[in-house]
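Coordinate analysis (summary)
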Amino acid sequence: MPKRKLDEYEAKREFSETPEPKGGKRKKSADDRFVIQEHHARRLHWDLRLERDGVLASWALPRGVPPTPKDNRLAVRTEDHPLEYIDFHGEIPAGQYGAGSMTIWDSGTYSVEKWEERKIEVDLHGERVQGRYALFPTKGKNWMIHRMDPPQDPGREPMPSGVQPMMACLGKLPSKESDFAFELKWDGVRALAHCETGRIRLESRNLRDITSQYPEVTRGLREAMGSREALLDGEVVAFDDIGRPDFQRLQRRMHLGSESAVRRRMADTPVTFMVFDVLYAEGHPLLELPYLDRRKVLEALELKDPAIQVPANHVGDGRSLLDLTRERDLEGLVAKRLDSRYVSGGRSKAWIKVKNVRTAELVIGGWLPGQGGRANTLGALAVGYHEKPGDEGLRYAGRVGTGFTETTLSDLMRILEPLRTTSSPFTGRKPPKEAIFVEPSLVATVEFREWTQAATLRAPSFKGLRDDIDPAEVTRLPE
């Protein structure tokens, strides 16, 4: 007996458990129809189905439909589906094949230009997608889908690469508060999220790929963005037990060397991506738009996921918000001019950091042995900075002897020991003679009361290590 076209489809499903149609009763329509379904299964993808010979020929598109001829994308040939599936949307129960939610992303009719074993060419007439597409096999069930026509949006541009975060200058509340929006200053790690259909990449402020460090963020963005494409600016934050940003807690997630270590830490130290700007959306760069207009685009994205937040901003009335941050023991505010454009990699006075607590990033040049209860570990870090970016040698900024936990001390010694060196990285004023020197390759965030006249720190406290800042770029007043 010849194999029926729907045998494979029916063999994979228990129709008493799933709402998916069994099929076989609906007749072919007068027009050839297609549907693209957004399928939130184990991994988000899109299913393209073309009505052909009494069934729906189907392909899974992990990265959706390519919007330009330059962007060929994978299309995995799957089993034929019944014609009834063209209207299907709903929840496929857990434990069933393809479990997850299914929604109709686009639908319409299509015309066939070529339908051969090695190549299919069709012209789609949908609500979202219009244009000529080719499907062709590459290996096994793997095919490619290629757009044959120019982009539907003639003004479409590719997502910019090499964009670096815009930085703020340290300052006081602006006198004319109505010209500014005020946001909380998040005590975390800055990150840019490149969101393309079905694919997310996180980059640190120095353009290092940190995607694998924060799986809940990448998964959350993939689900929240769907097929939309954008370049988002924000900060990865860990919160303490009462909901305040906690940079020391974030340290548990910042220096992990394996996927298994990341998975173990996700449970006890979850992170949230606080998104506060958008630099590109749906084929259009936004860097030249005023901050206020970019903010409207960001809010229109309606990002919803437990690991993703778009924090509120407040136009005007910065004084009240700053007072609130002091009451809640938060770091401070960032004031952003409403008409400011986005300056990639620049430190602009259009963005002003207003801090309740002073912090600096400084280079670790050595450590001093502990005494008493800390005799077997370090007692303080010897830190410094460069007079200007790229200078040889460090200016000594003092010792940092507080802010450590037992775990922090153990981790620091494990990291510092291999970096020991006999030569001092400091020029000019030197740390105490008992200092043990290290290669100046680590950057620490330090909280302090003030800079003294001798350009050293008063009452410094260690907050954590940074792996997103180049030590050669650390100067007297770093970010």
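Here, every reference points to the structure presented above.
Read on for an overview of the structure. (Residues numbered from 1 in each chain as written. Predicted model: local features only at pLDDT ≥ 70, side-chain atom pairs only at ≥ 80, totals over all residues. Heavy atoms only, no water.)

1. Some thoughts on the overall build of the protein chain
- For the protein chain, the helix and strand inventory stands at seven helices and 28 strands.
- Contacts in the protein chain between residues far apart in sequence, at least 24 positions, make up 64% of those at least 6 positions apart.
- Counting every atom, the protein chain has about 22,800 Å² of accessible surface; 48% of that belongs to carbon and sulfur.
- Charge separation in the protein chain, taken as the distance between the mean sites of 75 positive and 74 negative side-chain charges, equals 3 Å. (Helix = DSSP H or I, 4+ residues; strand = E, 2+ residues; numbered from the N terminus. Contact = heavy atoms within 4.5 Å. Areas by Shrake-Rupley, 256 points an atom, 1.4 Å probe, with all protein chains shown as cover. Lys, Arg positive; Asp, Glu negative; His and termini not counted. Charge placed at Lys NZ, Arg CZ, Asp CG, Glu CD.)

2. Let's talk about empty space enclosed by the protein
- Scanning the model with the defined rule gives two cavities of 30 Å³ or more in all.
- By volume, the second largest cavity is sized at about 40 Å³.
- In terms of lining, the second largest cavity is formed by V189, S204, R208, I210, Q213, Y214, M254 and D467.
- Classifying every residue of the lining of the second largest cavity gives four nonpolar, two polar and two charged. (1 Å grid on protein atoms, 1.4 Å probe; cavity = no way out; pocket = protein on both sides within 12 Å on 5 of 7 lines; lining within 4 Å. Points joined across faces, edges and corners; volume = space filled by probe spheres on them. Nonpolar A, V, L, I, M, F, W, Y, C, P; charged D, E, K, R; others polar.)

3. Examining the layout of surface pockets
- Considered as a void within the structure, the largest pocket measures approximately 570 Å³ in volume.
- Along its surface, the largest pocket is lined by 26 residues, and P67, W105, R156, S227 and E282 are the ones closest to its centre.
- Ranked by the residues each element gives to the lining of the largest pocket, the list is headed by helix α2 (residues 215-225), at three residues.
- Looking at side-chain class alone, the lining of the largest pocket contains ten nonpolar, six polar and ten charged residues.

4. Topic: the pairing of strand β1 (residues 33-40)
- For β1, the tally of buried residues reaches eight of eight residues, placing the bulk of the element in the interior.
- On β1, burial covers both faces: R33, V35, Q37 and H39 on one face and F34, I36, E38 and H40 on the other are all buried.
- Note: β1 against strand β6 (residues 100-115), eight bridges, orientation antiparallel. Counted as the bridge partner of V35 is S107 from β6.
- Pairing of β1 with strand β2 (residues 44-52) involves seven bridges; the strand directions are antiparallel. Paired with Q37 across the two strands is D47, which belongs to β2.
- In this antiparallel pair of consecutive strands, β1 and β2, the connection spans three residues. (Buried < 20%, exposed > 50% of the residue type's maximum accessible area, 1.4 Å probe, protein only. Pairing = 2+ DSSP bridges.)

5. A look at the pattern of salt bridges
- According to the stated counting rule, one finds 42 salt bridges in the structure shown.
- Here R73 ties to E229 by a salt bridge, and the two come within 3.2 Å at their closest N and O atoms. With R73 in strand β4 (residues 73-82) and E229 in the loop between α2 and β14 (230-237), this residue pair connects regions lying 156 residues apart in the sequence.
- The network of salt bridges with shared partners includes R63, D71, R73, R156, E196, R199 and E229. (Salt bridge = Lys/Arg side-chain N within 4 Å of Asp/Glu carboxyl O.)

6. Overview of the nonpolar core
- Within the largest apolar cluster, 37 residues are counted, with the highest numbers of intra-cluster contacts made by L362, I364, L378, L381 and L416.
- Secondary-structure elements contributing two or more residues to this core are β21 (358-369), β22 (378-385), β23 (394-400), α7 (406-416), β25 (436-448) and β28 (461-466).
- Top contributing element to this core by residue count: β25, with seven residues.
- Residues contacting L378, with those up to four places away along its chain left out, are W367, L368, P369, G370, F404, L409, L412, M413 and L416.
- L221, M225, V278 and L286 belong to the second-largest nonpolar core, a separate cluster that totals 29 residues. (Core = buried A, V, L, I, M, F, W, Y, C linked by side-chain atoms within 4.5 Å.)

7. Here's the deal with the sheet that holds β25
- Strand order in the open sheet made by the six strands is β24-β23-β22-β21-β25-β28, with mixed pairing throughout. Each of the sheet's edge strands pairs with one partner strand only, and the pair in question is β24 (426-427) and β28.
- Across five bridges, the pairing between β25 and β28 is antiparallel. Its bridge partner lying in β28, A444 is registered against L465.
- In this fold α7 packs onto β21, β22, β25 and β28, with an angle of close to 60° to the strand it touches most, β22. (Axes fitted to C-alpha atoms, helices over the stretch in contact; angles between N-to-C directions.)

8. Looking at the sheet that holds strand β20 (residues 347-355)
- Taken in spatial order, the five strands make up an open sheet running β10-β20-β19-β11-β18, and their pairing is mixed. Either end of the sheet is taken by a strand with one partner, and the two such strands are β10 (167-170) and β18 (314-315).
- Pairing of β10 with β20 involves four bridges; the strand directions are parallel. Considered in β20, the bridge of L170 is made with K353.

9. As for α7
- Taken as a whole, α7 has its buried residues at T408, L409, L412, M413 and L416. Down the axis of α7, the buried set is contained in an arc of 130°. They therefore lie on one face. Residues of α7 that are exposed and point more than 90 degrees away from the buried face comprise E406, T407 and R414.
- Residues of α7 that are buried make contact with β21, β22, β25 and β28. (Arc of directions from axis to C-beta.)

10. Re the packing of aromatic side chains
- On inspection of all chains with the given rule, the structure shows twelve aromatic pairs.
- Ring centres of W186 and F239 lie 6.3 Å apart, and the angle between their planes is 80°; on these two criteria the pair is classed as edge-to-face. Placement of the pair is W186 in the loop between β11 (180-184) and β12 (189-196) and F239 in the loop between β14 and α3 (247-254), with a sequence separation of 53 residues.
- Between the aromatic rings of F426 and F437, the centroid separation amounts to 6.5 Å while the plane-to-plane angle is 55°, which identifies the pairing as tilted. Placement of F426 in strand β24 and of F437 in strand β25 is noted, with a sequence separation of eleven residues between them. Each member of the pair F426 and F437 is classed as buried.
- Ring pairs connect the aromatic residues Y9, F15, Y85 and F88, which therefore count as one cluster.
- Stacked on the ring of W59, the Lys or Arg R77 has its end atom at 4.7 Å from the ring centre. (Phe/Tyr/Trp six-rings, centres within 6.5 Å; stacked < 30°, edge-to-face > 60°. Lys NZ or Arg CZ within 6 Å of the ring centre and 35° of its normal.)

11. A look at the side chain of R253
- Counting through the fold element by element, R253 comes out in helix α3.
- Of the residues examined, R253 reaches a relative accessible area of 0% and is grouped as buried.
- Engagement of the side chain of R253 in a polar contact is seen with the backbone oxygen of T269, the distance being 2.7 Å.
- With residues up to four places along the chain from it excluded, the contact list for R253 reads Q213, Y214, P215, E216, V262, R265, M266, T269, P270 and V271. (Polar contact = N/O pair within 3.5 Å; in protein donor to acceptor, adjacent residues only side chain to side chain.)

Geometry only, nothing functional implied.
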